Amino acid sequence: MTPRTRRDRCPGLLRPWIAEDGALIRVRLPGGTLPTGALVALSNVAEQHGDGTIRLTSRANLQLRGFDHDGEFLPDPVVDAVMATGLLPMPSHERVRNIMVSPLTGRAGGRADLRPVVRRLDELVCAEAGLAGLPGRFLFVLDDGRGDVAGRDLDLGLVAVDADRAQIRASRSAWGDVVTLDRAAPALTRLAARFVEAAGTQRGSPWHVDELPGGGETLLGNRIEALPGTRVATGPPALGRITQDDGRHALHLAVPGSGLDRRLVDEIAAWGAPHVVVTPWRTLIVPDLEKA
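> How would you summarise the sheet that holds strand 13 (residues 275-278) if you had to cite specific residues and measurements?
As summarised here, the arrangement of the five strands in space is 3-13-14-12-11, forming an open sheet in which the pairing is antiparallel. Since the sheet does not close on itself, it has two edges, and those belong to strand 3 (33-35) and strand 11 (240-243), each with one partner. For this sheet, the mean angle separating the axes of adjacent strands, direction not counted, is 25°. With three bridges joining them, strand 3 and strand 13 adopt antiparallel strand pairing.

This is the structure:
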């Protein structure tokens, strides 16, 4: 167990991190997905107010930096511009919407399409006032059975065992019930509420499930063995063209270490895909492209 001596300070729009080059913010993208138009709008914000680039994080979120600030806060025009992208549906919960999922789920491979689970989980987390107390580092990890994110450190999550069911996880070592996918998001939301109740919201409260006495088993209330089908592990998909299950294709793109600049964002937008997917490997998937 890691003893905590302070509250989590993971940055968001309304509580940025003040670095030497200015204020830094992170925008959470449940499942790594965002509309292409929102990516363009964020690029405008970075160009007009920040250092001009958008960086990808290992949690499949976006980071912008180099903003002027007034003490610990961003100027209203910056806040308003980011809010206008539609990527922060619930300001009180902006830092707790950390949901990682297999980036190609529902498009290519995998046992199940977890995109509806991600959307429902995000809705339920935002609707629960008490879950605003989750630490900013608390992470949900949902693997669609291919094993690409199953090995990630997590607080709560699941692994799909077939097209309709998944086994719940609490930390990397504790496994819970097998539930149908329509019950998965409510089950994870209840466990997150149990974590907040068990951990508290004091200065020294735990940030992660593993830091609770008894770890994940404390939340689950029982010990269940992992199903054999959950022991899966694969690496990231190869860069380049990926054929989707529906016959369309996706492009898996490397992103420079310096991040996405306006030129690259405009090039991606010109392809006409309605959405892009940020991956935990700091790459970008442009899906649902029609055959050329």
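> How would you summarise the pattern of salt bridges if you had to cite specific residues and measurements?
Enumeration according to the criterion identifies 17 salt bridges in this entry. Among the salt bridges present, the one from Arg165 reaches Asp162, with a minimum N-O distance of 2.8 Å. Assessed through its relative accessible area of 36%, Arg165 is described here as partly exposed. In this structure Asp162 comes out as partly exposed when scored by relative accessible area, which is 24%. Of the charged contacts in the structure, one is a salt bridge between Arg248 and Asp288, with a shortest N-O distance of 3.5 Å. Within this pair, whereas Arg248 is found in the loop between strand 11 and strand 12 (249-254), its partner Asp288 is found in strand 14 (residues 283-289), the two being separated by 40 residues in sequence. On the basis of relative accessible area, Arg248 is assigned to the partly exposed category, the value being 26%. Among the residues examined, Asp288 registers a relative accessible area of 14% and is labelled buried.

> I'd like to hear about the packing of aromatic side chains, residue by residue, with values.
The tally for this structure, following the rule as stated, stands at two aromatic pairs. Centre to centre, the rings of Phe138 and Phe140 are 5.5 Å apart; their planes meet at 70°, and the pair counts as edge-to-face. We classify Phe138 as buried; its relative accessible area is 1%. Following the ring pairs from residue to residue traces out a cluster consisting of Phe138, Phe140 and Phe195.

> Explain the environment of Gly136 residue by residue, including any values.
Among the structural elements, Gly136 can be located in the loop between helix 3 (115-127) and strand 7 (140-143). For Gly136, a relative accessible area of 0% corresponds to the buried category. A sequence separation of 124 residues divides Gly136 from Gly12, and the C-alpha atoms of the two residues are 8.7 Å apart.

> Could you give an account of the nonpolar core, with specific residues and numbers?
Core analysis: the biggest nonpolar cluster contains 37 residues, and Phe140, Leu142, Leu156, Leu158 and Phe195 have the highest contact counts within it. Among the secondary structure elements, those contributing two or more residues to this core are strand 6 (99-101), helix 3, strand 7, strand 8 (156-160), strand 9 (165-170), strand 10 (174-180), helix 4 (181-199) and helix 5 (216-220). Broken down by element, this core gets its largest block of residues, ten residues, from helix 4. Ignoring anything within four residues of it in the chain, the contact list for Leu142 reads Ile99, Met100, Val101, Ser102, Leu114, Val117, Val118, Leu121, Val149, Gly157, Leu158 and Leu188. Judged by nonpolar contacts, the second largest core, of 35 residues, contains Ala38, Leu39, Leu42 and Ile54.

Criteria and thresholds
Residues numbered from 1 in each chain as written. Predicted model: local features only at pLDDT ≥ 70, side-chain atom pairs only at ≥ 80, totals over all residues. Heavy atoms only, no water. Pairing = 2+ DSSP bridges. Helix = DSSP H or I, 4+ residues; strand = E, 2+ residues; numbered from the N terminus. Axes fitted to C-alpha atoms, helices over the stretch in contact; angles between N-to-C directions. Salt bridge = Lys/Arg side-chain N within 4 Å of Asp/Glu carboxyl O. Buried < 20%, exposed > 50% of the residue type's maximum accessible area, 1.4 Å probe, protein only. Phe/Tyr/Trp six-rings, centres within 6.5 Å; stacked < 30°, edge-to-face > 60°. Core = buried A, V, L, I, M, F, W, Y, C linked by side-chain atoms within 4.5 Å. Contact = heavy atoms within 4.5 Å.

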